[in-house]
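# Structural overview
The chain contents come next:
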Amino acid sequence: MFKPGDMVMYGSHGVCCVTDVREETFGPVCRTYYVLQPKKDARSTFYCPVTQEARLRALLTKEEVTRLIREMPLTDTLWEEDDLARRDRFSALLKSGDHTEVVRLIKTLYHQRRLRAEQGKKLYLADERILQEAERLLHEEIAYVMEIPPDEVVAYIEETLG
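What comes next is a walk through the structure. (Residues numbered from 1 in each chain as written. Predicted model: local features only at pLDDT ≥ 70, side-chain atom pairs only at ≥ 80, totals over all residues. Heavy atoms only, no water.)

Attention now moves to the overall build of the chain. Helix and strand content of the chain: 5 helices and 5 strands. Going residue by residue from the N terminus, the α and β elements of the chain occur as β-β-β-β-β-α-α-α-α-α. Taken over the C-alpha atoms alone, the chain extends approximately 55 × 35 × 25 Å along its principal axes. Taking all 162 residues of the chain together, the buried fraction comes to 40%. A sequence separation of at least 24 residues applies to 51% of the contacts in the chain between residues at least 6 apart. Within the structure as shown, the chain displays about 9,500 Å² of accessible surface, and the carbon and sulfur contribution to it stands at 51%. Mean positive and mean negative side-chain charge positions of the chain (24 and 29 charges, respectively) differ by 3 Å. (Helix = DSSP H or I, 4+ residues; strand = E, 2+ residues; numbered from the N terminus. Buried < 20%, exposed > 50% of the residue type's maximum accessible area, 1.4 Å probe, protein only. Contact = heavy atoms within 4.5 Å. Areas by Shrake-Rupley, 256 points an atom, 1.4 Å probe, with all protein chains shown as cover. Lys, Arg positive; Asp, Glu negative; His and termini not counted. Charge placed at Lys NZ, Arg CZ, Asp CG, Glu CD.)

As structure tokens, this is what we get:
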């Protein structure tokens, strides 16, 4: 169970601080909720039922970030030819908050972008949006954990990969 002050990843919302754990009544049901404040928007607040804790995960450690980056070249891709199936699968991966799958998603979309560029085409708009969201989530977590500005994450990844 998370406690106030813990930093977590909350699905596709990104890095959040648990500001409180309390009983709230929304509609007819009273439950215990994590009160979350996203790092990117201190004016927002999310309420995540404690019973849905699986949607939250602890942030990676510095060692885990380094290992994740070093394993990026070994990550497989997961392209799906059917547009609707791909969109659904990629959206589900983003919502899962699984950092390994987010890296896999980014690698897949970079690969597809490169293949389409060779054909004189661009990445499909839906895929481009998913790529941007996946990069935002990954970069936000790496920046927070490694204590670097978000715009330096790509350079940090390249430096770590050598």
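The 5 strands lie next to each other as 4-3-2-1-5, forming an open sheet whose pairing is antiparallel. With partners counted over all chains shown, the strands left at the sheet margins are strand 4 (46-49) and strand 5 (56-58), one partner each. The sheet shows a mean angle of 50° between the axes of neighbouring strands, taken without regard to direction. Bridge count for strand 3 (residues 29-38) against strand 4 is 4 bridges, and the pairing is antiparallel. Note on strand 4: the bridge partner recorded for Val35 is Tyr47. Contacting strand 1 (7-10), strand 2 (14-26) and strand 5, helix 4 (residues 125-146) runs over the sheet at an angle of about 100° to strand 2. (Pairing = 2+ DSSP bridges. Axes fitted to C-alpha atoms, helices over the stretch in contact; angles between N-to-C directions.)

Between its terminal C-alpha atoms helix 3 (residues 99-118) stretches 29 Å, which fits the 28 Å expected from 20 residues at 1.5 Å a residue. When we look at burial in helix 3, the residues that qualify are Val102, Val103, Leu105, Ile106, Thr108, Leu109, Gln112 and Arg116. A distance of 2.9 Å separates the backbone nitrogen of Thr100 from a side-chain oxygen at the start of helix 3, and that oxygen is part of Asp98. Positive backbone phi, approximately 75°, marks Gly120, located one or two places after helix 3. (Expected span 1.5 Å × (residues − 1). Polar contact = N/O pair within 3.5 Å; in protein donor to acceptor, adjacent residues only side chain to side chain.)

Its location among the elements puts Arg55 in the loop between strand 4 and strand 5. Residue classification places Arg55 among the partly exposed residues on the basis of a relative accessible area of 41%. The sequence separation of Arg55 and Val8 amounts to 47 residues, and the corresponding C-alpha distance is 9.9 Å. What Arg55 contacts, discounting residues up to four positions off in sequence, is Met9, Tyr10 and Gly11.

What follows concerns the nonpolar core. Val65, Ile69, Phe90, Leu105, Leu138, Ile142 and Met146 are the most contacted members of the largest nonpolar core, which has 32 residues in total. Listed by contribution, the elements that provide at least two residues to this core are strand 1, helix 1 (62-71), helix 2 (83-96), helix 3, helix 4 and helix 5 (153-161). Considering each element in turn, this core owes the most residues, 9 residues, to helix 4. Dropping the residues within four chain positions of it, Ile69 is found in contact with Ile142, Tyr156, Ile157, Thr160 and Leu161. Judged by nonpolar contacts, the second largest core, of 10 residues, contains Val8, Tyr10, Cys48 and Leu56. (Core = buried A, V, L, I, M, F, W, Y, C linked by side-chain atoms within 4.5 Å.)

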